[in-house]
Amino acid sequence: MSIYDLTIDKLTEYFLKIDEKKYYATELFSWLYAKDKRITSFSEASNIKKETREKLSKDFTISNIEIVTVEKAKDVRKYLFKLNDKEHVEAVLMNHDYGNSLCISSQVGCNMGCKFCESGRRKKVRNLTTGEMVEQILKVENESNLRISHVVIMGIGEPFDNYDNICNFIKIINHPKGLNIGARHITVSTCGLVPKILEFANFPYQVNLAISLHAPNDKLRKEIMPIAKVYPLKDLINAIKVYLEKTNRRVTFEYIMLDGVNDKEEHALELVNLLKGINSYVNLIPYNETDALQYKRSKPLTIAKFYDILKKNNITVTIRREFGGTISAACGQLRSKKEDI
Ligand code: SAH
């Protein structure tokens, strides 16, 4: 087991179980996560006694992922990681004026099968462990020498299909002695697993929830997102209402602009109707075209018109700033290039 799998509570339990001092949990967290420490071997944790350090090395691993390649463009770096079982996942670092944001992967492959998405071309192989997700941040901070201030779980995988690990991941990176990343700077994106949205409404951290909507009606949504056959829009919207009531947090709706598919005036009007009265905002995403899939990005003018219709109808809307088009930074593209599938 990786030491980065453990929340501070689990680490405390561990030390108590081996008859060790409880405060070692805080000490060790600081050795693992404080910027000036970041040990790569337990032997470096000098204020923890030797026998305990040896016990830790027997019970836990410390480094489980490695960077294979880094592709750089203006304000963006794309990382390809190799995991212990030789699988690959990716993460994207974006430099914004408000800080550095890292988009991390949550699974190897993905079972959601969205038609426009490169990641889904490879079925889920397994969930990433909590530690593998934490390490994506550590490795990127180390390579870039930057502090990651924002994390979005929007890389390969469906986070709510790996629910428990995601929750532990959030607890660790949010903890003041962990990576101390503010809950409001953490965003989980889901294609809409209704039971998990309801469960997440009770998760006591003020993180952001983004919903990959991509279509304003069930017919079209089912065509491009198979998950819509399991959870129709009515159920999805109801779950979001419950979530809003419990958390008082605004949700984001992601809407990829696909040329001729979901970008017509009638779609914009349907979207207005669907989202009326819901405390949310819409993020229009220019589609990142990918070689293996036939979808095209909407024309800039079409996106602008769509935007105007939402705006005129009092929907808060933004158009996503683009990063990394030239380095295949869309979900799953780097991995599939590397593995050639
Ligand atoms: N499974 C989760 C998170 C990963 S996908 C989800 O569905 O939300 C993160 C976002 O990237 C989703 O909104 C997804 O639909 C979008 N996406 C996938 N492929 C894309 C592409 N080629 N261009 C732009 N956005 C893409």
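Cut-offs and rules
- Residues numbered from 1 in each chain as written.
- Predicted model: local features only at pLDDT ≥ 70, side-chain atom pairs only at ≥ 80, totals over all residues.
- Heavy atoms only, no water.
- Buried < 20%, exposed > 50% of the residue type's maximum accessible area, 1.4 Å probe, protein only.
- Helix = DSSP H or I, 4+ residues; strand = E, 2+ residues; numbered from the N terminus.
- Pairing = 2+ DSSP bridges.
- Right-handed = clockwise from strand over helix to strand, strands pointing away.
- Domains from an automatic or database assignment.
- Buried area = accessible area lost by both parts, 1.4 Å probe.
- Salt bridge = Lys/Arg side-chain N within 4 Å of Asp/Glu carboxyl O.
- Polar contact = N/O pair within 3.5 Å; in protein donor to acceptor, adjacent residues only side chain to side chain.
- Nonpolar A, V, L, I, M, F, W, Y, C, P; charged D, E, K, R; others polar.
- Near = heavy atom within 4 Å.
- Areas by Shrake-Rupley, 256 points an atom, 1.4 Å probe, with all protein chains shown as cover.
- Arc of directions from axis to C-beta.
- Contact = heavy atoms within 4.5 Å.

**Some details on the pairing of strand β10 (residues 251–257)**
Okay, so step 1: With seven of seven residues buried, β10 lies mostly within the body of the structure.
Okay, so step 2: Covered by surrounding structure in β10 are Val251, Phe253, Tyr255 and Met257 together with Thr252, Glu254 and Ile256, the residues of both alternating faces.
Okay, so step 3: As judged from the three bridges shared by strand β9 (residues 208–212) and β10, these two strands associate in the parallel manner. Within the sheet, the bridge partner assigned to Ala210 lies in β10 and is Thr252.
Okay, so step 4: Sheet analysis places β10 next to strand β11 (residues 280–286), joined by seven bridges and oriented parallel. Bridge pairing links Phe253 to Val282 in β11.
Okay, so step 5: Crossover β10 to β11 through helix α10 (residues 265–275) is right-handed.

**Examining the domain arrangement of the protein**
Okay, so step 1: What the domain assignment reports for the protein is domain 1 (3–59) and domain 2 (65–327).
Okay, so step 2: A C-alpha centroid distance of 33 Å is found between domain 1 and domain 2.
Okay, so step 3: Per-residue buried area on domain 1 facing domain 2 is highest for Tyr4, Asp5 and Tyr33; these three make up 44% of the total on that side.
Okay, so step 4: For the interface between domain 1 and domain 2, the tally reads two salt bridges.
Okay, so step 5: Put simply, domain 1 and domain 2 have two residue pairs in polar contact (both at pLDDT 80 or more) between them.
Okay, so step 6: Looking at which element gives the most residues to the side of domain 1 that touches domain 2, the answer is helix α2 (residues 24–33), with five residues.
Okay, so step 7: Across the side of domain 1 that touches domain 2, the residue classes break down as six nonpolar, three polar and three charged.

**Examining the site of the ligand**
Okay, so step 1: For the ligand, the set of nearby residues contains 19 residues, the closest of which are Glu158, Ser189, Ser212, His214 and Asn288.
Okay, so step 2: With respect to the ligand, the side chain of Glu158 contributes an N or O atom lying 3.0 Å from a nitrogen atom.
Okay, so step 3: Here an oxygen atom of the ligand sits 2.6 Å away from a polar atom, N or O, in the side chain of Ser212.
Okay, so step 4: When the free accessible area of the ligand is taken as 530 Å², the share hidden by the protein chains comes to 94%.
Okay, so step 5: For the shell around the ligand, the secondary structure elements donating two or more residues are β8 (186–190) and β10.
Okay, so step 6: Considering only residue class, the shell around the ligand consists of ten nonpolar, seven polar and two charged.

**What about helix α1 (residues 8–17)?**
Okay, so step 1: Taken as a whole, α1 has its buried residues at Ile8, Leu11, Thr12, Tyr14 and Phe15. With its buried residues spanning 160 degrees around the axis, α1 presents them on a single face. Exposed side chains of α1 directed beyond 90 degrees from the buried face belong to Asp9 and Lys17.
Okay, so step 2: Summarising the contacts, the buried residues of α1 are in contact with α2 and α3 (50–59).
Okay, so step 3: Just past α1, the residue Asp19 takes up positive phi, approximately 55 degrees.

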